[in-house]
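The residues making up each chain are set out below.
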Amino acid sequence: MLDHPEKQRYPEFHKRVRLLGIALFVALCILAGRLWQLQIVDGEHYTQQAERNRLRPQVLEAPRGMIFGRDSSIVLADNRAATDLMFISAESEDPEAVAERLAELVDIDPQAFLEQVHEHRRQPYTQIPVKRDISRTALTRVEEHSFALPGVFTVVRPQRRYLYGSTGGQLLGYLGEIGPEELQRMRPTYKMGDRIGRGGVEQYYESRLHGTDGQLLMNVYASGVPQVRTDAYGRPYIETDSFGRRLREETQYPPESGESVHLTLDIELQAFAEGLLEGERGAIVVLNAETGEVLAMASQPTYDPGVFVKHGEDEARREALTDSDEPMKNRGYQDAYPPGSIFKLAMAAAALEEGLVSRQTRYFCPGHFQISNRGRRWRCWRRSGHGHVEMNEALAHSCDVYFYNIGLELGVDRIHEWMTRFGLGVSTGIDLPREETGLIPSREWKRETRQPHYPNEPWEWNWYDGDTVNLSIGQGAAGTTPLQAAVMTAAFMNGGRRVYPFINQELGPARVSEPFLRPETVEAVWNGMFMCVEKTDYPSGTGIRAQVEGLAVGGKTGTSQNVGLHHLEQYGDNVEDIPYHMRHHAWFVAGVPDEDPPIAVSVLVEHGHAGSRAAAPLAREVVDYFYTYRAPSESLLMAKREAEDE
Amino acid sequence: MISATHDIDIMDAHIGVFDYRNLFRADRVLIVLALALVVIGLLTLYSASRSAYSEIPYYVKQMVFFVAGAGLAALIVSFDYRFLISFAPFFYVLCLVLLLLVEFFGITVKGGQRWLGVGPLTFQPSEFTKLALVYMLAWYFHTIQHRIRYLPFFLLAFVITGIPMVLILRQPNLGTAGLLAPVLFVMLYMAGCKRWHLVAVVVAGLAAIPVAWTQLEDYQKERVRTFGNPAADARGKGWQTVQTMITVGSGGMWGKGFREGTQTHLSFLPEHHTDFIFALVAEEMGFQGAVVVLALFGALLWRGIVLARGSPELQGTLVGVGAVTILAFHVFVNIAITIGLMPVTGIPLPFLSYGGTFYVTTMMCVGAMLSVDVRRGMFSETDGA
């Protein structure tokens, strides 16, 4: 054996075998080194990626905070449990039979349903919505036939409910899906598809109402979608994914529901006021004159915010969004109108405060007014004139010439200053979104807006006495919201304080300034307002249609022009003959200072043409309703509470 | 002396081509290493079965394959390896016939026509071809002896390897076909070919890569491209690569625990019971577990080389080295793919990956490694006597 020829090659062979061994060792070292790099050096990085793979958060929507009315027993918006009917094809052997039965029971299109089933055949545990938000009766019908409906079950989700429908619709606001820009801003609190308050309280108090969404952290498979179901108590849970694989829950972060908001809104008064405006376009604002609480801010036309959360209301939704009457705008604080004669209340107070006139100061009204003998003539609304008028009469009869005179004496600067004190032309500070601030023109305003257009024609942007005359009776460029009008009125009901209206009870009770009017001034203007309503003997006050038996009501009419009077001459005196859009806006502001609580009411009827006819009766109804029909129950309630407190 | 006489007696007088007592002379170290890997493999497969569903669990099936493979390995050990080598041309031709049968009657699974069905059983002839080629080459080198240094004889070895290689490539089964080349090279080298012959072939082979590239199927090219930049299409073609890295990397030092792998059991990593099973080990057992498995493989292969070197004859050495090369290629390429050092191609990991024919082949390789050693003692005894 020793001379076996192969033995001769052994030394060389040993070298070669050693090389093989070394190659083996080097290869092993490379593998181990790479493992070290992946697992130890980059281990943390890959661990995070694996965790991100493994865990998928399922959002648990936080129940939105409730919105209460003036009384906590009155719920304006809450969350109801909407029941969705779902189907899992994996749990049913014969989807056709189920589809047929469902078509009979809940009126669905069986063809479309079966198409959906077919679409998801690869992931048979996918929940297929049969019908969203089914009614109680439909649910009962389905439950009675559950033996014939294998794979059909219900999932419950919270859905916003507005219990008073369209009443106060614009004040409550609605919910809409969050938009891309908002999302950018609000990450990570909000996620795509989240609903966010739009308009009204829902928007203004979004951060409080929204709450904090919770999370179900699930161990998921590489593919497949976790399927959320709800138990008998409506609590969401996940058992399987769309392939039917069991999923394990890692952790749960329960949602924190949003906080409630208690409003100052008297929903019954609101409904009553909206009823009064039915068929018109306009607004009625009722403030507690002592505190600034918004008791009602009716605006017609209105809309039902519920259509934005319910299924199958697309038509109503589109109508609300696109109607040219803008039902989603609250005319109470989101639109400004020329104040017209209601402006005279603040003008009178300003003149008294400035000491330019006393209550007894008289001006002669011949039915028209001229600054100079050859200048333009401004008419008084009463062409025959009012003769010699004092302040009381000027207010009661709304004499324009009287205010032309004091307007000129005050001058535009002081007028602007005083109107700002009254809260006209500036934000009232109400806790609602997108408030219209209105406008009280001033020298600066005129120059700033017009100079850029006429840089070399100073007569186009200089302020003239004629502008002041126009402004004195609330015409020209002036614009105020009905809410501002109510704020102004409230000052004469509460001893000369500026109220800052609010709708969230928590902002109360003291949202009023120190008195900025002397008591005599308040007294004088109040007397004019009182006469305006109460003076029935000839010549009667313009506001007599606002009289309420047994209540001391004061008020002021306003009729603000949309077009120059000369345009209307061709149509004669009958309102019906004048085209709707050319008719005047009708204003009436009213106050009841001596009752508890004192209120300030402002009524605006778009194109109502005459404050005395179109607006004053509505104010009367509101005051009457508030004190005569509601007061007893209110005081009873108070008495009961006091009894409880003791 | 009695025992020595007895041994000589066995060798020269009564030795048959078959002797079951060889089993008791087989190298214990290699057997222990192989059994350790078998146990680890079955445990890993048991873990993988948690999410890789099969009517009969994979680890149970694998145990059956182990029994079959161990039986065949015992058979190989019991035979005189020289007898087996002398039959090598027969095995070789048999394998070629089977490969041709696959070509015409093969069963196609996942795009590769690799399987032959016999009754209820299916198997891949290409797997057995690996070992048959090792024996065939050993036979050939033994037959030509030193003439291997002449170019024609050197090149004939390429023909012998080339025929099954082409047949396997046509299935297509790039991984297995690719394995035959290193087997040939290592065995040529060990058989004592001229070095520059080998170097020339390797250089020519490298030069041919651009040509080979044009011959690749589109999906294969895609795999290579994906290997270059898996993150570019992490949800699509790069998925396997990216998820494999995450699986291995997230194991960290100590792993996530037995049967606790999230990547594997939540099916982020496909094929985790077959080609990517090493990722499961790395994820659940961490760096330490992966290194233990690596070390076991290293020790097994090293022991195989030692045994091959100890074989008294060249043909024995060649069989041993050939078998070691088969296993080494699978171990290194599979793990390199798993940890992102090579583009994805279907290469199973010995002892761990699920797969019947390959498991049996692995066991037979171990048998071959053991068989070339069992007669060493006899020679040394003889030499000493």
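Residue numbers here run from 1 along each chain, matching the order of that chain's written sequence. The naming scheme follows written order: chains are lettered A onward, ligands numbered 1 onward. Reporting in this predicted model follows two pLDDT cut-offs: at least 70 for local features of residues, and 80 or more for side-chain atom pairs to be given and counted; totals over whole chains, interfaces and linings ignore these cut-offs and use all residues.

A. Fine view of the sheet that holds strand β1 (residues 55-60) of chain A. Residues and elements named next belong to chain A. Spatial strand order, β1-β8-β11: 3 strands in an open sheet with antiparallel pairing. On the outer flanks of this sheet lie β1 and β11 (248-253), each paired with one strand and no other. Strand-to-strand, the axes of this sheet are offset by a mean angle of 25°, without reference to chain direction. Strand direction decides the pairing type here: β1 and strand β8 (residues 214-219), joined by 6 bridges, are antiparallel. Within the sheet, the bridge partner assigned to L55 lies in β8 and is N219. Pairing between two strands is assigned when DSSP locates at least 2 bridges connecting them. Helix and strand definitions follow DSSP, with helices as H or I runs of at least four residues and strands as E runs of at least two, each counted in order from the N terminus. For helices, the axis comes from a line fit to the C-alpha atoms of the stretch in contact; other axes are also lines fit to C-alpha atoms, and the angle between any two N-to-C directions lies between 0 and 180 degrees.

B. Representation of the interface of chain B and chain A in the model. In this complex, chain B contributes 40 residues to the contact, which on the side of chain A involves 35 residues. For the side of chain B that touches chain A, the secondary structure elements donating two or more residues are α9 (174-191), α13 (239-249), α14 (262-265), α15 (277-310), α16 (314-338) and α18 (376-384) of chain B. Sorting elements by how many residues they give to the side of chain B that touches chain A places α15(B) first, with 11 residues. A residue pair is marked as a contact if its C-beta atoms, positioned from the backbone, fall within 7 Å.

C. Looking closely at unusual backbone geometry. Cis geometry marks the peptide bond from Q300(A) to P301(A); its omega dihedral reads -5°. Residue position: P301(A) is located in the loop between β14 (294-300) and α11 (314-322). Going from D596(A) to P597(A), the amide bond is cis rather than trans, its omega being -5°. Within the element layout of this structure, P597(A) appears in the loop between β20 (585-592) and β21 (599-605). For H609(A), which is not glycine, the phi dihedral falls at a positive 75°. Positive phi values are uncommon outside glycine, yet R259(B) reaches one of about 65°. Turning to its location among the elements, R259(B) is positioned in the loop between α13 and α14.

D. Quick peek at the domain arrangement of chain A. Residues and elements named next belong to chain A. As annotated, the domain borders come from an automatic or database domain assignment. Each domain of chain A was delimited in the assignment, giving domain 1 (58-262) and domain 2 (329-633). If you average the C-alpha positions of domain 1 and of domain 2, the two centres end up 51 Å apart. With 10 residues of domain 1 at the contact, the number on the domain 2 side is 8 residues. Secondary structure elements with two or more residues in the side of domain 1 that touches domain 2: α6 (169-172), α8 (200-204) and β12 (261-262). Ten residue types, Ala, Val, Leu, Ile, Met, Phe, Trp, Tyr, Cys and Pro, are classed as nonpolar, four, Asp, Glu, Lys and Arg, as charged, and the remainder, Gly among them, as polar. Among the residues making up the side of domain 1 that touches domain 2, the classes are represented as 5 nonpolar, 5 polar and no charged.

E. Fine view of the packing of helix α10 (residues 267-276) of chain A against helix α20 (residues 611-629) of chain A. Residue and element names in this part refer to chain A. At a minimum axis separation of 10 Å, α10 and α20 run at an interaxial angle of 155°. Regarding the angle of α10 to α20, the classification is roughly antiparallel. Along this stretch, α10 crosses α20, giving a crossing that reads as right-handed. Packed against α10, whose contacting residues are L269, F272, A273 and L276, the element α20 presents L618, E621, V622, Y625 and F626 at the interface. Should an angle fall under 35 degrees it is taken as roughly parallel, and over 145 as roughly antiparallel, whereas 65 to 115 is taken as roughly perpendicular and any remaining angle as oblique. Working rule for handedness: look at the near helix, and if it is turned counterclockwise from the far one by less than a right angle, call the crossing left-handed; if clockwise, right-handed.

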